[in-house]
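Residue-level structure breakdown
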Amino acid sequence: MPSVSNPPSLAVVGAGDRGNAYARFALEHPERLRIAAVAEPDPVRRERFAALHRIPAAAVFADWRELLDGPPLADGLLVATQDSGHLEPALAALGRGYRLLLEKPMALDEASCRAIVDESERTGNEVVVCHVLRHSSFWRAIRRALDEGLIGELVSIEHAENVSYWHMAHSYVRGNWGRTGDSSPMILAKCSHDFDLLRWYSGAPPVTLASVGGLHEFRPEKAPPGAPGRCTDGCPAAASCPYEATRLYLRGEPLLRDAAQGGGAAGFGARFILRHPRFAALVPGLEAYAPSRGWPVSTITADLSDAGILEALGTGPYGRCVYRARSDQVDHQQTVVEFANGVTASLTMQGHSHREGRTVRLDGTRGTIRGIFAGRGELEVIDHRTGRKARLPVTGDPLGHGEADRALMDAFARFLSGGAPPTLVSESLDSHLMAFAAHRSRTERQMVRFDGISRKTSKTDGSGLD
Ligand SMILES: NC(=O)c1ccc[n+]([C@@H]2O[C@H](COP(=O)([O-])OP(=O)(O)OC[C@H]3O[C@@H](n4cnc5c(N)ncnc54)[C@H](O)[C@@H]3O)[C@@H](O)[C@H]2O)c1
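Residues numbered from 1 in each chain as written. Predicted model: local features only at pLDDT ≥ 70, side-chain atom pairs only at ≥ 80, totals over all residues. Heavy atoms only, no water.

Considerations on the pairing of strand 8 (residues 206-214)
Pairing of strand 8 with strand 9 (residues 332-339) involves 8 bridges; the strand directions are antiparallel. Residue pairing in the sheet places Gly 214 in a bridge with His 332 of strand 9. The sheet contact formed by strand 8 and strand 15 (residues 448-449) spans 2 bridges and is antiparallel. Paired with Thr 208 across the two strands is Arg 449, which belongs to strand 15. (Pairing = 2+ DSSP bridges. Helix = DSSP H or I, 4+ residues; strand = E, 2+ residues; numbered from the N terminus.)

Describing the site of the ligand
Taken together, 23 residues surround the ligand, and among them Arg 18, Glu 40, Arg 45, Asp 63 and Asp 83 come closest. Within the backbone of Asp 17, one N or O atom sits 3.0 Å away from an oxygen atom of the ligand. Between Glu 103 and the ligand, the recorded distance is 3.0 Å, taken from a side-chain N or O atom to a nitrogen atom. Calculation on the ligand without its partners gives an accessible area of 860 Å², and the protein chains cover 80% of this total. Here the residues of the shell around the ligand sort into 8 nonpolar, 7 polar and 8 charged. (Near = heavy atom within 4 Å. Polar contact = N/O pair within 3.5 Å; in protein donor to acceptor, adjacent residues only side chain to side chain. Areas by Shrake-Rupley, 256 points an atom, 1.4 Å probe, with all protein chains shown as cover. Nonpolar A, V, L, I, M, F, W, Y, C, P; charged D, E, K, R; others polar.)

Digging into the domain arrangement of the protein
Examined at the domain level, the protein breaks down into domain 1 (9-129), domain 2 (136-218 + 327-399 + 424-449) and domain 3 (220-324). The distance between the C-alpha centroids of domain 1 and domain 3 comes to 35 Å. (Domains from an automatic or database assignment.)

With respect to the packing of aromatic side chains
Scanning the model with the defined rule gives 14 aromatic pairs in all. Between Tyr 165 and Tyr 243 the ring centres are 6.0 Å apart and the planes differ by 70 degrees, which places this aromatic pair in the edge-to-face class. With a gap of 78 residues between them, Tyr 165 in helix 7 (residues 165-174) and Tyr 243 in the loop between strand 8 and helix 9 (245-249) connect regions that are remote in the sequence. For the pair Tyr 165 and Tyr 243, a shared accessibility class is recorded, and that class is buried. By the ring-pair criterion, three or more aromatic residues cluster together here, those being Tyr 165, Phe 218, Tyr 243 and Tyr 323. The lysine or arginine in question, Arg 99, covers the ring of Phe 415, its NZ or CZ lying 5.5 Å from the ring centre. (Phe/Tyr/Trp six-rings, centres within 6.5 Å; stacked < 30°, edge-to-face > 60°. Buried < 20%, exposed > 50% of the residue type's maximum accessible area, 1.4 Å probe, protein only. Lys NZ or Arg CZ within 6 Å of the ring centre and 35° of its normal.)

See the structure below:
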């Protein structure tokens, strides 16, 4: 039985961005969790991760199959490979007796997601899907307000995932998710978190769903006259095109504009750099507020110098004209869902927002909750009878990934120590089924009726089961 001197252990499959982000919890709280094994094909990532977590050589592997070939090396296992690499290690790990922490999406189609749920039921090993927003204080504050009856009975939800125009171009036009066939429909890749929130707030499984949308902008016929295949090949529309690649990857202008809307020194620094780009380089200390060359620049090249970035734009996918990148993802999609208890919800996903962020509105019989999950975050409740508005405190750093990642790991470590799982895999399945149904409804222009999906619902505070 795990204890303070003998904390529960976790094996990590995929020591990339997410694998490292979750494993950090064990470094910060060694008394709560120990990383006992890793599988990672990239030798640099593998060795760095093994050294960081002091994993003995016998528990370091180049592939998840080797890790899962022998007896269990840990109490739990995290699958943090890319989307198409979740299903196989998830099934194998459940069969080997591991409790699973599984990155979203669970898998790329409905049958595979159901296979994971079936294997979890067959083996009795629970699967916790990394729907991190449930663990963020912003979204938890909404759930608490519902539980406390601040808006009476929930009737309808209006939720939007506003993807910024440059993030859309980076990930869903030029980048890894540009082609549905090579990755997954954007509604699954981007919105399984959002469907999960709708499922959590409604407190019931979905019964019907309809979805419409399409690709409006990133088509060859929309290319400016004379635009070459790459931004770096002298495009005549460079000055007016919001997608011109050097502006994002070399100068970080969109990121600066986002930062400029914030307060404090960071907001001031970003505003100054935007207004006086030449002068800014001469002001000591101001470089701290220049956009970092982390994501999205780190996705396009390992050489983060100006020359390295220009080389990547001149040769790789991220320098391509967005109109000629052959993306087949949607750039706007709207979905409506009816839940079994009569609550209805709409979800707008669109890739033309001036800034990244989610917005939400929940209307109940006694009040309304309005939230903006962007910038510093805003959340308020308005009472129908008195008209009084009350701000719900948004604490910590709810908009960064860090807070929610830590809270998820805290809950998973508690689960490995004998507590209840923080979420039910059957509910996570519902959110994926909604995403698949939205894709089907949009492409087949049909309303989808759900049948035979789970009726299990976790306790509304997300901290256990009923
Ligand atoms: N929950 C969230 O909010 C959230 C946020 C971002 C990404 N994601 C998801 O997390 C997953 C991982 O994303 P990432 O950005 O960390 O990707 P990544 O590419 O940085 O990491 C994936 C790692 O898996 C490794 N890998 C590949 N094949 C392997 C094998 N056979 N055995 C073991 N390891 C193998 C790769 O070498 C890589 O290091 C994706 O499915 C992504 O959609 C979730």
